[in-house]
Amino acid sequence: MKPFGVATAPAYYLAGSEPLTMSSEPTGTNIEGEAPDAEPVVETDEATITEDAELERTLGLSGGLAIGIGTMIGAGIFVFPGLAGAEVGTAAAASFGVGGIIALLVALPTSELATAMPKSGGGYYFISRGLGTLAGTIIGLSLWIGLVFATAFYLVGLGFYALDGLALVGITVGASPGIIVSTIAVIAGIGFTVLNVTGTENAAKLQNGIVALLLSMLVAFLAFGMADALGLVDAGTPPGEARNVWAVGPIMSVAALVFTSYLGFAQVATVAGEMKSPGRNLPLAMLGSVLIVTAMYVITIFVATSVFTQDALAAAGETAMVEIGRALLGTPGALVIIIGGLLATMSSANASILSTSRAIYGVSKDALLPGWASRINLKYGTPHVALGLAGGPVIVLAATRQVQLLAEVASFLHLIMYGLMCVALIAIRRDRPEWYDPDFVVPGGPVIPAVGAVASFGLIAFMDPLSIGVGLGVIAATAGWYFYYARDIRLKGAL
Amino acid sequence: MSRVLVPVEVLAGKTVAPGLMTLLGTVDVTVLGYHVLPEQTPPDQARHQYEERATAALEDLSEEFRAAGGAADHRLVFTHDREQTVTRIADEITANAFAISGMTGDVDTILVSLSGDVAVDRITAFVTELIGDREIAVTLLLASGAEAAVDDRLETAATQLREAGIDTNTSTAAGSPFDSLMDAAPTHDAIVIGEAAPSLRSLVFGDEAERVAASSVGPVLVVRREEEKAEATDSEQ
């Protein structure tokens, strides 16, 4: 019988002297004299152990999948089918396929990095450690701005679905539906920000439930749609089919637009510090969510373009799925899609606001932003400053209603991060810091990350020039911030 | 010596009643300072801001426990899930029991519930060690049910406690284990119960221990079930 309570130090103090401890530390201070907050930590499957405290890992695989799928599914299924189908018809399925392949090429390297560095901050963390402070600052701040654009985009989608919902229950909105969409998007934006600041209820279970409900609704709906498209059942849909543009240029251009549908798998990495058994759950959650949503997207586009012609899809716009639901199943079908669209865009927006505040924390912890940016209040225990820094600009952008611009800028900023994550993986593997010991290793040497980087950067070339311009402006501004504020901080190779 | 885990929500200004500290003077104590965060907040962010304040409070608490008699250390955890954290720490330190703090002055009488599917031997051993040679009276309570008929756990336990020199009464009650415990609680200063196996009932109604703690004002000590992992390591030695 082992005696209880032998007066030794707790096991974690002993473990602190193991080689797991990180050797190299960040150095330097920012313009205000703040230094990065770095403490040696020990990671276990259940907690992160620092010198004086422990951080419990509480998210399981289903929670990780819910964040990944919940963030992604709102855009791909409920906003883009109309816009994408209008451009290239059934070939849009290929556009979504291309997006899914690129997402997978990036998700694999991200998984390796995340299992080696299971910390809050996700992509920012990997790039600052792999490529240094300049790239880190650009990506950390661009991730924040990119998430802001993405959230605004989801909220505008939410506005369009709410408008259709109002129409379905017989409320007509007169001559200026655009203003109504903006108003709803702005109110929802304020609502989510306030809820996130004051809400102490754990919404994670709700998010899991919403995602499960959405997936089962979609599977049933899409199964029926597929049966109709393949002629197994006849729901009386018009025989007209979308004219298809099977050409590389247009397909890639649509892929660039709809890539916003895949911004989500890397958000799983922003909660890496809270995942149980990160070595197993992080890769499964990231790769699993990409595979699941890719399949859903491709089928959705196939159904959408089988039911409607290009012109009809173009006319129905952001909420074309509602018309498709109506064509397949009548008013109940439209209702199902409207409810699904509301739930999905809400879950995307909420999950993105959550990631934004973690992105800001990651940067502020390394003194690339002032420390007050990550203050939390004891009353609610929430990071009110970071949430405000997320919610404020979201509301302004949501009011613009520029679906395509918001989506592309969000994609642009994320694609830069994705490309650099792939480069960071190659760099870190080459440098091999002592602490680098991933549980998940991408097979095939540098091939997959190299192709992932080329594909990510390459997709940008197919975007609208205005989106590229706005994106480059953000990059320039964040680089300027680095030279002004954080030039002396060294993060490369540190943990 | 037995070790008791005392979870305290330290940043919410919660502390431990002096009576409970004195009561636990005969055993070793690990004070678990925990802080539950909403999912919007990375636990690391809270650590960054509150670690010092929480550690200072925990060091004070541990010092008070040591002054009360036993050895005491502390752990500090930032978490999204209190139950997961308490269970993990209890496993890691192989705690025999954990305490749900309540208000109490000096403890003169303890109510010990033997109802339900609990490890009677472990409860008896723990109570014996807890009381030691102090003048604290015990009431053993058994809600009449199937168990009362099949075994004589009440008499066996009472005999063991009396042999250890503890003033022991026994009591049986009709009605559910929970209600009879609540009926007897007001005339005692603290409650000892066993951790029940997770059953459908505890899934539906919340953990029995939590219910008892929520309904009684005084502190509740929950004696943990035999730990399978600890068993395995012991047998290897």
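The numbering scheme is per chain: residues are counted from 1 as the chain's sequence reads. Chains carry letters and ligands carry numbers; both start at the beginning, A for chains and 1 for ligands, and go up in the order they are written. Only residues with pLDDT of at least 70 are given local features in this predicted model, and only at 80 or more are side-chain atom pairs given and counted; all residues enter the totals for whole chains, interfaces and linings.

(A) Here's a closer look at the interface of chain A and chain B. A pair of residues counts as a contact when their C-beta atoms, built from backbone coordinates, are within 7 Å of each other. Every contact between the two is made by 39 residues of chain A and, on the other side, 36 residues of chain B. Helix and strand definitions follow DSSP, with helices as H or I runs of at least four residues and strands as E runs of at least two, each counted in order from the N terminus. A per-element tally of the side of chain A that touches chain B places helix α13 (residues 320–365) of chain A first, with 5 residues. Between any two strands, pairing holds if DSSP finds at least two bridges. Strand direction decides the pairing type here: strand β3 (residues 54–56) of chain A and strand β3 (residues 72–79) of chain B, joined by 2 bridges, are parallel. Paired with A:Glu54 across the two strands is B:Val77, which belongs to β3(B).

(B) Expanded view of the pairing of strand β6 (residues 137–143) of chain B. Residues and elements named next belong to chain B. Neighbour counting defines burial: a residue surrounded by 20 or more other C-beta atoms within 10 Å of its own C-beta is buried, one with 12 or fewer is exposed, and intermediate counts give partly exposed, using backbone-placed C-beta atoms. Within β6, 5 of the 7 residues are buried, leaving the element largely enclosed by the surrounding structure. Strand direction decides the pairing type here: strand β5 (residues 109–113) and β6, joined by 5 bridges, are parallel. Along β6, the bridge assignment pairs Ile-110 with Val-138. Handedness is read with the strands pointing away from the viewer; a crossover is right-handed when the path from the first strand over the helix to the second is clockwise. In the classification by handedness, the crossover that spans β5, the intervening helix α4 (residues 120–131) and the parallel β6 is right-handed. Relative to strand β7 (residues 168–173), β6 is paired through 6 bridges, and the arrangement is parallel. Residue pairing for β7: Leu-141 is matched across the bridge by Ser-171.

(C) Focus on the domain arrangement of chain B. Residues and elements named next belong to chain B. Boundaries of every domain are those given by an automatic assignment or by a domain database. Per the domain assignment, the segments making up chain B are domain 1 (3–100) and domain 2 (109–232). At 4 residues, strand β4 (residues 97–100) tops the list of elements feeding residues into the side of domain 1 that touches domain 2. Across the side of domain 1 that touches domain 2, the residue classes break down as 10 nonpolar, 4 polar and 1 charged. Residues are grouped as follows: nonpolar covers Ala, Val, Leu, Ile, Met, Phe, Trp, Tyr, Cys and Pro; charged covers Asp, Glu, Lys and Arg; every other residue, Gly included, is treated as polar.

(D) Representation of the environment of A:Leu472 in the model. Residues and elements named next belong to chain A. Mapped onto the elements, Leu-472 comes out in helix α17 (residues 465–485). Take Leu-472: there are 13 C-beta atoms within 10 Å of it, and that puts it in the partly exposed class. In this structure, the C-alpha to C-alpha distance between Leu-472 and Arg-487, residues 15 residues apart in sequence, is 20 Å.

(E) Region of the structure containing the nonpolar core. Residues A:Phe149, A:Phe153, A:Met421 and A:Ala424 are the most contacted members of the largest nonpolar core, which totals 166 residues. With near-sequence residues (within four places) excluded, A:Phe149 lies in contact with A:Leu397, A:Leu406, A:Val409, A:Ala410 and A:Leu413. Judged by nonpolar contacts, the second largest core, of 76 residues, contains A:Leu55, B:Leu20, B:Ala95 and B:Val222. One nonpolar core equals one set of buried Ala, Val, Leu, Ile, Met, Phe, Trp, Tyr and Cys residues connected by C-beta atoms within 7 Å.

(F) Structural context of the confidence of the model for chain A. Every residue carries a pLDDT, the predictor's confidence in it, which falls somewhere between 0 and 100. Chain-level statistics for chain A give a pLDDT mean of 86 and a share of 91% at 70 or above. With pLDDT under 50 throughout, residues 1–23 of chain A is counted as low confidence; its partners more than four residues away or in other chains account for 31 contacts.

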